[in-house]
Amino acid sequence: MELNESTLQSLAGYLQQTLSPDQTVRRQAEKFLESVEIQQHYPLLLLHLLDKDNVESHIRVSSAVTFKNYTRRNWRVVDGTDKIHAEDRITIKQQIVGLMLKSPEQIQKQLSDAISIIGREDFPEKWPDLITEMVTKFQTGDFHVINGILRTAHSLFKRYRHEFKSQQLWTEIKFVLENFARPFTELFNATMDLAKTHATDPSALKVIFSSIVLICKIFYSLNFQDLPEHFEDNMAIWMTHFLTLLSADNKLLQTEDEEEAGLLEQVKSQICDNVALYAQKYDEEFSQQLPQFVTAIWNLLVTTGQQVKYDLLVSNAIQFLASVAERPSYKSLFEDPATLSSICEKVIVPNMQFRAADEELFEDNPDEYIRRDIEGSDVDTRRRSACDLVQALSKSFEGIVIQNFSQYIQALLEEYSKNPTGNWKSKDVALYLVTSLAAKAQTQKHGITQTSSLVNITDFFQSHIAPDLQASDVNVSPILKADAIKYLMVFRNQLPRESLTASLPHLVRFLKANSLVVHTYAAHTIERLFMVRSPDGGKPAVAYTDVQAFAGDMVNNLLEALNHPGSTENEYIMKAIMRTMSMMQENVLPFMAQLMKVLTEKLIQVSKNPSKPHFNHYLFESLCISIRSVCKHSMEAIHQFEQALFTPFTDILQQDVQEFVPYVFQMLSLLMDYHQGVIPHSYMVLFPFLLVPALWERPGNIPPLVRLLQAYIEKGNNQIEAEKLNGLLGIFQKLIASKVNDHEGFYLLNSIIEHMPHEVVTQYTKQIFVLIFQRLSSSKTTKYIKSLLVFFGLFAVKYGAGNLVNTVDSIQPKMFGMVVERLYLQDLQKVSGHIERKICAVGVSNVLTESPAMLQSYDTLWGRLLQALISLFELPEDESVPDDEHFIEIEDTPGYQTAYSQLAFAGKKERDPLGDVPDAKLHLAKQLGKLSAAHPGKVPVLISSALEQQAQAFLQQYLTAAGVQLG
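Rules of the game
- Residues numbered from 1 in each chain as written.
- Predicted model: local features only at pLDDT ≥ 70, side-chain atom pairs only at ≥ 80, totals over all residues.
- Heavy atoms only, no water.
- Helix = DSSP H or I, 4+ residues; strand = E, 2+ residues; numbered from the N terminus.
- Buried < 20%, exposed > 50% of the residue type's maximum accessible area, 1.4 Å probe, protein only.
- Contact = heavy atoms within 4.5 Å.
- Areas by Shrake-Rupley, 256 points an atom, 1.4 Å probe, with all protein chains shown as cover.
- Lys, Arg positive; Asp, Glu negative; His and termini not counted.
- Charge placed at Lys NZ, Arg CZ, Asp CG, Glu CD.
- Expected span 1.5 Å × (residues − 1).
- Bend = angle between axes of the 7 residues up to and from the residue.
- Salt bridge = Lys/Arg side-chain N within 4 Å of Asp/Glu carboxyl O.
- Axes fitted to C-alpha atoms, helices over the stretch in contact; angles between N-to-C directions.
- Parallel < 35°, antiparallel > 145°, perpendicular 65-115°, else oblique.
- Left-handed = near helix turned anticlockwise from the far one by under 90°.
- Nonpolar A, V, L, I, M, F, W, Y, C, P; charged D, E, K, R; others polar.
- pLDDT = per-residue confidence, 0-100.
- Polar contact = N/O pair within 3.5 Å; in protein donor to acceptor, adjacent residues only side chain to side chain.

Trainee: Provide a residue-level description of the overall build of the chain, including the pertinent values.
Mentor: Within the chain, the secondary structure is distributed over 47 helices and two strands. The dimensions of the chain, computed from C-alpha atoms along their principal axes, are 95 × 70 × 65 Å. In the chain, which comprises 967 residues, the proportion classed as buried is 55%. Here the contacts in the chain between residues at least 6 apart in sequence split such that 75% fall between residues at least 24 apart. As displayed, the chain offers around 41900 Å² of accessible surface, 50% of which is attributable to carbon and sulfur atoms. Computed over 88 positive and 113 negative side-chain charges, the inter-centroid distance for the chain is 3 Å.

Trainee: So what's going on with helix H24 (residues 497-510)? Which residues, and what values?
Mentor: The terminal C-alpha atoms of H24, which comprises 14 residues, lie 20 Å apart, in line with the 20 Å expected from a rise of 1.5 Å per residue. Approximately 35° is the largest bend angle found in H24, and it occurs at Leu 504, with the proline Pro 505 only one to four residues beyond. Buried within H24 we find Ser 499, Leu 500, Thr 501, Ser 503, Leu 504, His 506, Leu 507, Val 508 and Phe 510. Taken together, the buried residues of H24 touch helix H22 (457-470), helix H23 (478-490), helix H25 (516-529), helix H26 (544-547) and helix H27 (551-561).

Trainee: Tell me about the pattern of salt bridges, and please be specific about residues and values.
Mentor: Between side chains of opposite charge, pairing is possible as soon as their charged atoms come close. One pass over the structure, following the stated rule, counts 40 salt bridges. Residue Glu 178 is joined to Lys 174 by a salt bridge in which the shortest nitrogen-to-oxygen separation is 2.6 Å. With Glu 178 and Lys 174 both in helix H9 (residues 167-197), this residue pair falls four residues apart, about one helical turn. Accessibility classification places Glu 178 together with Lys 174 in one group, the exposed group. Ionic pairing is found between Arg 707 and Asp 673, a salt bridge with its closest N-O pair at 2.9 Å. Remark: Asp 673 occurs in helix H32 (residues 661-673) and Arg 707 occurs in helix H35 (residues 702-716); sequence separation between them is 34 residues. Residue Arg 707 is classed as buried on the basis of its relative accessible area, which comes to 12%. One network of salt bridges, in which partners are shared, links Arg 120, Arg 159, Glu 163 and Glu 172.

Trainee: Requested: an account of the packing of helix H28 (residues 571-584) against helix H29 (residues 592-607), with residues and values cited.
Mentor: Pairs of packed helices are described in terms of their axes, by the angle between the two and the distance that separates them. Following both chains from N to C, one finds H28 and H29 inclined at 150°, their axes separated by 13 Å at the closest point. Viewed along their axes, H28 and H29 adopt a mutual orientation that is roughly antiparallel. Seen along the crossing, H28 lies across H29 with a hand that is left-handed. Here H28 contributes Met 574, Ile 577 and Met 581 to the contact with H29, which in turn contributes Met 592, Leu 595 and Leu 599. Within the contact of H28 with H29, the residues separate by chemical class into six nonpolar, no polar and no charged.

Trainee: Which residues make up the side chain of Ser 629, and what values do they have?
Mentor: For Ser 629, the position within the fold is in helix H30 (residues 613-631). Here Ser 629 is in contact with Gln 585, Val 588, Leu 589 and Met 592, once residues within four sequence places are set aside.

Trainee: Please provide a residue-by-residue account of the confidence of the model for the chain, values included.
Mentor: Per-residue confidence for the chain averages 90 on the pLDDT scale, and 96% of its residues sit at or above 70. Overall, residues 883-898 carries pLDDT values under 50, and its contacts beyond four positions in sequence, including any with other chains, amount to 32 contacts.

Trainee: So what about the environment of Ser 832? Which residues, and what values?
Mentor: Along the chain, the position of Ser 832 falls in the loop between helix H42 (815-827) and helix H43 (834-850). For Ser 832, the contacting residues outside a window of four places in its chain are Lys 786, Arg 837 and Glu 877. At 3.4 Å, the side chain of Ser 832 forms a polar contact with the side chain of Lys 786.

Trainee: Talk me through the packing of helix H44 (residues 859-874) against helix H45 (residues 920-934); I want residue IDs and the actual numbers.
Mentor: Where H44 contacts H45, the axes come no closer than 11 Å and their chain directions differ by 155°. Taken as axis vectors, H44 and H45 run roughly antiparallel relative to one another. Handedness of the crossing formed by H44 with H45: left-handed. Each of Trp 862, Leu 866, Leu 869, Phe 873 and Glu 874 in H44 lies in contact with H45, whose residues at this interface are Ala 920, Lys 921, Leu 924, Leu 928 and Leu 931. When the residues that make up the contact of H44 with H45 are grouped by side-chain class, the tally is eight nonpolar, no polar and two charged.

This is the structure:
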C-alpha cells in the first residue's frame, strides 16, 4: 500500500464503515481491512492516520484500536511466518513511543497497549533502547508525557505478576531494574515533593496523583517475582512515602461522586496491595515496617465511610489485614481477645452489611450483582474481603473467633425474628457470617470443599434456610430467597442428599421468580446439584428418579425462564438446560419437540449478533445433547435435526459469523457420525468449501475442521474424488509446519491412512514421508515425535511393515536405521494414551517380525528395538520434556478467533483403529511365533543375546499367555 493522501482517505473511509450500525456494511469493511493488513505500509498508514489533527477524533481512535489489534494478531512470528514487513517493524518501533506521548489520552492508551504487545515479543533483545527512551522522558517535567511513559511501563511490566519463573524472565527483569529502578525512585521522590508544593492547586494535584497511582502499580509489578536489591536498599524511602499517602486527606482530591473511586482512594488502595505483597512474600525484610502499616490501615478502615467509592480501598485494606493475620509470625498482633472483638465489631460486621447501594445493584444491575456474588467471584467487594479476614483469623483462633461471632449471629437472627419484614437485612448478614465461619476452603467448581467442625451446617439449613426455600410466594423477600438458594448451592457437598432432593421442587418454582438474581440462582443451583457426587465419589447424588415427579415442570420452567426480562441470553439458565438434558438422558425424549423449538429459535436469534459467549456455548452443547439423546434411540431422527438446523447453519457459514463457525463444524461432524452408509449430497456439496486455504487461516477453525474432515474420510472415503486427496494433503502439509497444529495434521493423515483406498494414497506416500522428515529436521519437538511414532505404527499395520521400512529407505539409504536409533529407541516410551501406545506396540511388533530388512540390514538393531517395545509395555510413560519446550506459547489473542471452544457433547468417541487386535502383548508373542517358524533357531538366539534378563522374563510371560513356543 502506498503512503499517500489518497490511501489515507480510503483507509479512513473503511474505518468509518467499521463503526456502521448496518451489520453488512460493517462486516464488509472489516473483511477488507483483514485482507489488506498483510500488505507493506498498512500499519504505518494507521499510525499516520491517528496522528492527523484534521481527521475526526472517532476515526483517529478507531485507527489506534485497529493498530493495537493488528499488533496483537500479527507481531508474534508463529512457525517462521512473519506477517509484517521488516521495514515496517523497524519504523513502528522508531515512531510509536513519540507518537504515543504526543497523542490525546484516548489514543495514548491504545498505543501504550500496543507498545506492551510489541514489547512482550521484542523487549529487551530486539528493542533494547525502549527503556532508555522512556526513562529520558522523566526529565521533561511534562506530566502528560510522564503519565504516558508510566502508563506504558505499567502495561509492559504488569505481566510480571503472572508469568512463570524462568531464566528468560529473570534476565528481562534484571535488565529493567538496572535501567529503570533508580530513575523510577527519583521520579517518585520528585513527584511527592511536587504534591507538597502544589497542595493547594486542584488541577496540578489531579495530574500528580494520577502519576502516583501508576507509580504504585508499577512498584507492585516490579516487586512481584522477587524482592529486588534496589527496592530492598530503598525500602525506607518507599515505605515512608506510602505511610504519608495512606494518611493523606487533601480535600481538593475528594470527589462528590459517591460511586466512582477518586485518585486518592486509588492510591491508598494500591498501597494496601503493595504492602500486602511485602507482608506475604518478604516478611523478614518487611517485619520492622509492618506494625506501622497495620496501625495506619486499621485507622483507615475505622474512619472510611460506607460509600461505594471506597469499596476497593476497604476491600484491599481488609485483604492486607487478612494476609498478615494468616502468617504465624504475626500471630501475636491478633491474639488478644479484645483485639479480635474489636476487629469483629469495627471491621468485619460493618463491612458485611447489606447497604442501600447493594440493594440498588440487586434490583437495577442484577448481572453485576451475580458476577460479584456467585461462588467466590466477588474478589473486590467488602463482603468477600471481610469473609477472607474471618477465615484468616480462624486459622489461628478458630474457637475464639466462632464463639465471638456466634453471639453476633444469634443477636442478628433474634432481631430478624422480631420483625422479619423490617429487619430482613439482619438475617442477610447472619447468613453471610455463618458461611464465612463454616467455610475453610472452596473452589469455583465444587463450592465449599472443607468446613469447620464447630459449625453445624445441616442444623442451620433446617432451621433458617429451608423455611425460606419452602415459602409459597417466590417474589416476597427476594434478597433473602437469593441468600437461601446460595447457601444450598455453596454447601451442596456437605448437606445430606435428602436435603438436596427435597429442595429441588422449590428451586424449580423459583425459576418463575420475577427477580433476575433469584431465578438465575435457582437455575445455577439446579445445575450444580446435578453435578454433586455421592460421598464415595461414585454415582451422582441426584438421579432422574428424584426429579421424575416434576420433570415436566422443570423443563417448562427452565425454558420459560429465558423469557424473563434480562434473561433472554442468561448463561446460567442455558447451562441448567444443558445439564438437565444430560441428566435425564433418554427420559428427555417426550420434551424434545418443545426443547428443539426454543433452542433453534435462540440459535437464529443470537447468530445475528453474538454477544454472550458462555450462553452461546451452552446453547450449542444443548443442541448436541438433543442429537445424541434422540439419535441413540432413533437413527431416522437425524433427518429431522438436519431439517431444523441446516438453515441456521447455512446462514452462519454464509454470513461468516466467526464466533459460531467452529461450533457449526463440530455439530456437522456429530450429525455425520449418525449417518449409516453413503454421506448425503447436502454434506458432500460442502466438502470442497472446507479445503479453501482462507478457512484454515483462523486458528479457532482448525481443530473442528480437522474433526469434520475426519468424519468425511471415515464415512465417505469412496465418495471423495481422488483429486481431492491432493487438497487434503495440502492441509496436512500446512498443519505439520506449525508447532501449534502439527498434531492436528497427524490426526488428518492417520484418518487418510486408515480409511482412504490404498491405491489412491500410494502415489503420494513418498511425498508424505519427505514432508514429515523435512519438518523433523527443521523443528524437532516431543509432541511432534510422539505423533510421528503413532503414524509409523498405523502405517506399518495398514500398509505393511516392509512398506514402512522401504519407503523410509527410499528417501535415503539406511535411513530407517537412524529412525530406529534416534526416534524409537529414544522416544517410544514417551508416547501417551492407551490407544496410541497400542498402535505403536503393534506397529513395532510388525516391523520386528514382518520386515525382512530387520533381520538383514538392521539385525544389530533388532534386539534393541524389542527391548524398547517391552519397556513400552512394562514401564510407566516417560513424561520428561526438554527444558526449551516448557514455554512454547500458543497465541493468546482474546475472543473467539484463536480460542477454540470444544463442545464436550459433540466429541467423537475414542475409537480403536486396531480393534481386531485385542492385546498388543499377545500380538507380539504370536508374531514372534510366526517369525520363529520361518527362521528356526534364529529368534531365540537373537532374544537371548540382546535382551536383558528381566525383559526376557516379561517376554516369556507373553509367550506363555499366547501359548507360543519358540523353536
